[in-house]
Amino acid sequence: MRSWLSRPPLLFLVATALVLGLPLAHAQESPQGPMEAPPEHHVSRITNESEPPAPPSLPPEEIVRRFSQKEDDYLKSRPNFSFRKSVRIQEFGPDGNVAGEFLRVTQYTKLNDGRVAVKAIENPQSTLQGIYLAPEDLEALDHIPAYPLTTSQVAKYDLKYLGRELVDEVDCYIFQVKPKRVERANAYFDGVIWVDAQYLEVVKTYGKWVTDMGDTRGIAQLPFSMFETYRENVDGKYWFPNYMRSDDTLHLKDAEIPVRLVIKWSDFKPAGSAAATPAPAAAQPPASASPPANTTAPVAPPPTAKP
């Protein structure tokens, strides 16, 4: 399996430098983070259909038009699946080993009546030493949109074609994404996307969310702002996020602590399947259960939470 995180290709480093606004001479430096991550992802396609012929050479505008239409489908379909979600935050010591950790694992199950049952699989556990997390501190992570480039939003961005590269076993086009304008009320994606060159579907994103005040953070008290997100091919036709990571350094009064955030989504099952339907008593009110259809990251006021 190709380990994308452990040995970033040159084109990825150049794209990262563009996102961060660094001189290209810095593009080959080590990526930010306390240590190399294990290869916990694998981008591959699951399908029972015969493979179609590769699309002809298309202008970038046509590629963008096609993948944005599919983003609409994924945004609409994702709330109809049950899944398990884990949030892990780690602190690292001077030796590069994990010194403290927070973990929360939750099951989201779409019920037949449209409600979502939310059940704690593992109660939140924390051995963090420099960070205290209250339950509400994690709510901001639920507001990060999974699909920033839907047809209703893509016109708000400038997309520049950068080239082609493999993500694991998938040949991809790479686009740099920049918002045409920023505003106070909504945050917009600023980064790089990888698009399957054959099926014209986004399989990976890397970037940050920005407003006219600057970069936003996933958790207000922590430095996480750059997010690397991989997607999983579900049912042979949907690409849902299944792995998101951010590395940074927490600057305290008397210490500099490398920290890492990893979110995983797994066990996707269509709503109504027998294995995915728990007792209705655990259901949460619809207003706070289903992911919203917004594709920008609201700053204030916060929207309905999105798993």
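Each value, and the rule that gives it
- Residues numbered from 1 in each chain as written.
- Predicted model: local features only at pLDDT ≥ 70, side-chain atom pairs only at ≥ 80, totals over all residues.
- Heavy atoms only, no water.
- Helix = DSSP H or I, 4+ residues; strand = E, 2+ residues; numbered from the N terminus.
- Buried < 20%, exposed > 50% of the residue type's maximum accessible area, 1.4 Å probe, protein only.
- Polar contact = N/O pair within 3.5 Å; in protein donor to acceptor, adjacent residues only side chain to side chain.
- Lys, Arg positive; Asp, Glu negative; His and termini not counted.
- Salt bridge = Lys/Arg side-chain N within 4 Å of Asp/Glu carboxyl O.
- Contact = heavy atoms within 4.5 Å.
- Phe/Tyr/Trp six-rings, centres within 6.5 Å; stacked < 30°, edge-to-face > 60°.
- Lys NZ or Arg CZ within 6 Å of the ring centre and 35° of its normal.
- pLDDT = per-residue confidence, 0-100.
- Pairing = 2+ DSSP bridges.
- 1 Å grid on protein atoms, 1.4 Å probe; cavity = no way out; pocket = protein on both sides within 12 Å on 5 of 7 lines; lining within 4 Å.
- Points joined across faces, edges and corners; volume = space filled by probe spheres on them.

> Would you take a moment to explain the environment of Lys-178 for this structure?
With respect to the helices, strands and loops of the structure, Lys-178 is situated in strand β5 (residues 170–179). Residue classification places Lys-178 among the partly exposed positions, given a relative accessible area of 28%. Only 3.2 Å separates the side chain of Lys-178 from the side chain of Asp-190, close enough to count as a polar contact.

> When you look at the side chain of Glu-91 in this model, what are you seeing that I'm missing?
Tracing the backbone through its elements, the reader meets Glu-91 in strand β1 (residues 81–92). As a buried residue without a salt bridge, Glu-91 has its nearest oppositely charged side chain in Arg-88, at a separation of 13 Å. Residues within four places of Glu-91 in sequence aside, it is in contact with Asn-97, Val-98, Ala-99, Gly-100, Leu-128, Gln-129, Gly-130, Ile-131, Ile-257, Pro-258 and Val-259.

> Looking at this structure, I do not really get the pattern of salt bridges. What am I missing?
Side chains that differ in sign of charge can pair as their charged atoms come close. Applying the stated criterion across every chain yields a total of 14 salt bridges. One salt bridge in this structure joins Lys-178 and Asp-190, with 3.2 Å as the shortest N-O distance. Residue Lys-178 is located in strand β5, and its partner Asp-190 is located in strand β6 (residues 186–196); the two are separated by 12 residues in the primary sequence. A salt bridge links Arg-181 to Glu-183; the nearest nitrogen and oxygen atoms lie 3.3 Å apart. The class for Arg-181 is exposed, based on a relative accessible area of 57%. Salt bridges linked by common partners bring Glu-62, Arg-65 and Arg-66 together as one network.

> When you look at the packing of aromatic side chains in this model, what are you seeing that I'm missing?
Applying the stated criterion across every chain yields a total of 13 aromatic pairs. Taking the centre distance of 5.1 Å and the plane angle of 20° together, the rings of Phe-83 and Tyr-108 count as stacked. A residue pair is termed long-range when its members are at least 10 positions apart, and Phe-83 in strand β1 and Tyr-108 in strand β2 (residues 98–110) qualify at 25 residues. Given the relative accessible area of 4%, Phe-83 is considered buried. On the accessibility criterion, Tyr-108 (10% relative accessible area) is buried. Put simply, the rings of Phe-81, Phe-83, Tyr-108, Tyr-238, Phe-240 and Phe-268 touch in pairs and so form one group of aromatic residues. The ring of Phe-83 is capped by Arg-78, whose NZ or CZ atom sits 5.8 Å from the centre of that ring. Taking NZ or CZ as reference, Lys-204 lies 4.3 Å from the ring centre of Trp-194, over its face.

> How do you make sense of the confidence of the model for the protein chain when you look at a structure like this?
Keep in mind that low pLDDT regions are not for reading the predicted coordinates in detail. Put simply, the protein chain has an average pLDDT of 78, and 70% of its residues get 70 or more. Taken together, the stretch residues 1–7 has pLDDT below 50 and engages in 29 contacts with residues farther than four places along the chain or on a different chain. The model gives residues 274–294 a pLDDT under 50, and that stretch makes 44 contacts with residues more than four places away or in other chains.

> It is not clear to me how the pairing of strand β9 (residues 227–234) should be interpreted in this structure. Could you clarify?
Remember that side chains alternate between the two faces of the sheet whenever the strand is regular. Burial analysis of β9 places 7 of its 8 residues in the buried class, the great majority of the element. Relative to β9, strand β7 (residues 202–211) runs antiparallel, the two sharing 4 bridges. When the sheet's bridge partners are listed, Thr-205 is paired in β9 with Thr-229. Here 7 bridges tie β9 to strand β10 (residues 238–251), and the two strands are oriented antiparallel to one another. Note on β10: the bridge partner recorded for Tyr-230 is Tyr-243. Connecting β9 to the antiparallel partner β10 that follows it, the hairpin turn spans 3 residues, and Asp-235 within it adopts a positive phi of roughly 60°.

> In this structure, what is going on with empty space enclosed by the protein? I would like to understand it.
Any empty space left between the atoms is revealed when a probe the size of a water molecule rolls over them. Within this structure, the stated rule accounts for 2 cavities of 30 Å³ or more. Put simply, the largest cavity is a space of about 220 Å³. Looking at the largest cavity, it is lined by 20 residues, and the ones nearest its centre are Ile-144, Pro-145, Ala-146, Thr-229 and Met-244. Those elements that place two or more of their residues in the lining of the largest cavity are β7, β9, β10 and β11 (256–270).

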